[in-house]
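# Structural overview for review
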Amino acid sequence: MEFLRSVRDRARNRDARIVFPEGSDPRTLEAAARLVDERLVRPTLLGNRDEIQAGLDTLGVPGGAVETLDPTSPAIRAVTRDALVELRAHRGLTPEEAWVHAGSPLMLGALMVRRGESDGSVAGAAHATGDVIRAALWCVGPAAGIRTVSSSFYMVVPEFRGRGPEVLTFTDGAVVPLPDPVQLGEIAFAAAVARPHIVGDEPRVAFLSYSTLGSAEGPAVDHVRSGLARFRELAPDIPADGEIQVDTALIDAIGKRKAPGSPVAGSANVLVFPDLNAGNIGYKLVQRLAGAEAVGPIVQGLAKPCNDLSRGATPEDMVNVACITALSAGGT
């Protein structure tokens, strides 16, 4: 697939360091072996070092090709505890509580990203999304001017509007259940900023609704309009419009008829869903009915990339997300 080949080729040129907190998971081990073999990123695996090394040996990974760290070793855990206290004492975190959290590979991985020891992290195959995001927020924090951490799926879709296969950004489909208008605008902004680094083209942002530019009214429509207003405060130069129906956003003939003069009608490539219900349903419908490849979720809005995996992630998924993480690091 052209998009994923491009992602891997560009990631290879980055030579990024990516930490995997779930280092002893068999899928992580296989992904690390592929990343090393194809020289895509330099992986660091966290966990029991003997278990990790045994798994790497079985996969034929050369000795020393993958860095390994054990977050529960006393020396590393003490450093992690001290860092957490420094970051979270103002929130009431005690040294005793920090010691408990310091044994988590998620915390060590996020701290490595914060300190620049890794360019990004990839986890979630064996941890809940909430735990992955919590570690990232505690240790890395949101990007400047952004208070909302969210996600995007990159949907590799078959030809549907005469341009050949395309990549569409669907946001948010995994993190924020009911974004308020300010959050909706920030979700769209994060997705728009990420797209040039990950896909390599310029964003054209559509705020989706059941209404197109006043064809209907109601609180849900006002919500989307207010989200667009926030987005325009953050990114006045990025083409965006809303509220807009999805067919108007995507199909040129419909866009010209229903939204003449819109800067994105018929050409949108970033689709902003009004809430998590819509986003999650939307990406799965396109994935299952149109045979699209869903790459993600890719976490956005953090100061540095800490990405989440689905529990059902395959080694191939992990390789793809690691490469996207490397590209995201280039844009932070």
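Presented here is an overview of the structure given in this document.

Rules used in this analysis
- Residues numbered from 1 in each chain as written.
- Predicted model: local features only at pLDDT ≥ 70, side-chain atom pairs only at ≥ 80, totals over all residues.
- Heavy atoms only, no water.
- Helix = DSSP H or I, 4+ residues; strand = E, 2+ residues; numbered from the N terminus.
- Buried < 20%, exposed > 50% of the residue type's maximum accessible area, 1.4 Å probe, protein only.
- Areas by Shrake-Rupley, 256 points an atom, 1.4 Å probe, with all protein chains shown as cover.
- Contact = heavy atoms within 4.5 Å.
- Polar contact = N/O pair within 3.5 Å; in protein donor to acceptor, adjacent residues only side chain to side chain.
- Phe/Tyr/Trp six-rings, centres within 6.5 Å; stacked < 30°, edge-to-face > 60°.
- Axes fitted to C-alpha atoms, helices over the stretch in contact; angles between N-to-C directions.
- Parallel < 35°, antiparallel > 145°, perpendicular 65-115°, else oblique.
- Left-handed = near helix turned anticlockwise from the far one by under 90°.
- Nonpolar A, V, L, I, M, F, W, Y, C, P; charged D, E, K, R; others polar.

## Observations regarding the overall build of the protein chain
What the protein chain contains, in helices and strands, is 13 helices and eleven strands. Summarising its shape, the C-alpha atoms of the protein chain cover approximately 65 × 45 × 30 Å along the three principal directions. The buried share of the protein chain, reckoned over its 332 residues, is 53%. For the protein chain, the exposed surface amounts to about 14000 Å²; the carbon and sulfur share of it is 53%.

## A short note on the environment of D172
As for its position among the elements, D172 is in the loop between β6 (166–171) and α8 (181–198). C-alpha of D172 to C-alpha of I298: the two residues are 126 residues apart in sequence and 9.7 Å apart in space. Those residues in contact with D172 that sit more than four places away from it in its chain are S150, S151, I187, D275, L276 and G279. Within the structure, D172 has its side chain in polar contact with the side chain of S151 (distance 2.5 Å). Polar side-chain contacts of D172 include one of 2.8 Å to the backbone nitrogen of V176.

## What about the packing of aromatic side chains?
The full count for this structure, using the stated rule, is three aromatic pairs. Consider the rings of F170 and F273, whose centres lie 5.2 Å apart with planes at 55 degrees: the pair is tilted. With F170 in strand β6 and F273 in the loop between β9 (270–272) and α12 (276–289), this residue pair connects regions lying 103 residues apart in the sequence. Accessibility classification places F170 together with F273 in one group, the buried group. Taken together, a centroid distance of 5.8 Å and an interplanar angle of 65 degrees make the contact between F207 and F231 edge-to-face. Taken together, the residues span a long stretch of sequence, with F207 in strand β7 (residues 205–208) and F231 in helix α9 (residues 219–234) at a distance of 24 residues. Each member of the pair F207 and F231 is classed as buried.

## Describing the packing of helix α4 (residues 74–88) against helix α5 (residues 95–102)
Orientation of α4 relative to α5, taken along the N-to-C sense of each, is 125 degrees, at an axis distance of 8 Å. Judged on the interaxial angle alone, α5 and α4 are oblique. In the crossing of α4 with α5, the sense of the turn from one axis to the other is right-handed. Contacts between α4 and α5 involve P74, R77, A78, T80, R81, L84 and V85 from the first element and P95, A98, W99, V100, H101 and A102 from the second. Its residues assigned to classes, the contact of α4 with α5 shows nine nonpolar, two polar and two charged.

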